[in-house]
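# Examination of the molecular architecture
Residues per chain are reported as follows:
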Amino acid sequence: MTPQSNTELLLSILVIAAATALTRFLPFWIFRAGRPVPPFIQRLQHLLPSAVIGLLVVYCLRNVHPLAGNHGLPELAALTAILLLHRWRQNTLLSIAGGTAVYMLLIQTLG
């Protein structure tokens, strides 16, 4: 790994800042107030949350081997907690926090 000069670091920071600003402002430039939102974008707003959650579940469970030791038990318990909490309170933050707490408790105690 080669050390970077101050110029390279400054240029990198500027490019990252510009890209971040562009991704923040672009939707407001494309979808101006008072204009109807295209049907395709309206459909995406309903489909993407479920798709993202599905992707996260697959990503989180990709290395779980249910037949190897206690692996799979903390994950299964956390998923069960998330589902039960969400059905009970319908609060996403509570579900995520509860599932995370169950998972962390189990991986710390089961080792």
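Residues numbered from 1 in each chain as written. Predicted model: local features only at pLDDT ≥ 70, side-chain atom pairs only at ≥ 80, totals over all residues. Heavy atoms only, no water.

## As for unusual backbone geometry
Our working definition: In this description a helix means any DSSP run of H or I spanning at least four residues, a strand means any run of E spanning at least two, and both kinds are numbered starting from the N terminus.
Unusually for a residue other than glycine, Gln-90 sits at a positive phi of about 55°. Here Gln-90 shows up in the loop between helix 3 (73–89) and helix 4 (92–110).

## With respect to the confidence of the model for the chain
Formally: Per residue, pLDDT captures the predictor's confidence, and it can take any value from 0 to 100.
Summarising the model, the chain shows a mean pLDDT of 89, and 96% of its residues fall at 70 or more. Of all secondary-structure elements in the chain, the lowest mean pLDDT belongs to helix 2 (residues 39–61), at 89, while helix 1 (residues 6–30) reaches the highest, 94.

## Focus: the environment of Leu-73
The condition that has to hold: Whether two residues are in contact is decided by their heavy atoms, any of which lying within 4.5 Å being enough.
By the secondary structure assignment, Leu-73 is in helix 3. For Leu-73 and Val-37, which are 36 residues apart along the polypeptide, the C-alpha to C-alpha distance reads 45 Å. Contacts of Leu-73, omitting those with residues within four sequence positions, involve Leu-106 and Leu-110.

## A closer look at the packing of aromatic side chains
Put simply, the rule is: Centre distance within 6.5 Å is the pairing criterion for rings of Phe, Tyr and Trp, where only the six-membered ring of Trp is used; planes under 30 degrees apart are then read as stacked, over 60 as edge-to-face, and the remainder as tilted. Burial status follows relative accessibility: with a 1.4 Å probe on protein chains alone, a residue under 20% of its type maximum counts as buried, one over 50% as exposed, and anything between as partly exposed. Working rule: Lys NZ or Arg CZ, within 6 Å of ring centre, within 35 degrees of ring normal, means a charge sits over the ring.
Evaluated as defined, the whole model comprises one aromatic pair. Between Phe-25 and Trp-29, the aromatic rings sit 6.0 Å apart at their centres with planes inclined by 35°, giving tilted as the arrangement. Here Phe-25 and its partner Trp-29 are both found in helix 1, four residues apart, which amounts to about one turn of the helix. Using a relative accessible area of 46% as the deciding quantity, one classes Phe-25 as partly exposed. It is Arg-62 that lies over the ring of Tyr-59; its NZ or CZ is 4.1 Å from the centre. Sitting over the face of the ring of Trp-88, Arg-89 holds its NZ or CZ atom 5.2 Å from the ring centroid.

## What about the side chain of Ser-95?
Our working definition: A 3.5 Å cut-off defines polar contacts: any pair of N or O atoms within that distance qualifies, except that in protein one atom must be a possible hydrogen donor and the other a possible acceptor, and neighbouring residues in sequence count only when both atoms are side-chain atoms.
Relative to the helices and strands, Ser-95 is located in helix 4. Only 2.9 Å separates the side chain of Ser-95 from the backbone oxygen of Asn-91, close enough to count as a polar contact. Each residue touching Ser-95, except ones within four places of it in the same chain, is listed here: Ile-82, Leu-85 and His-86.

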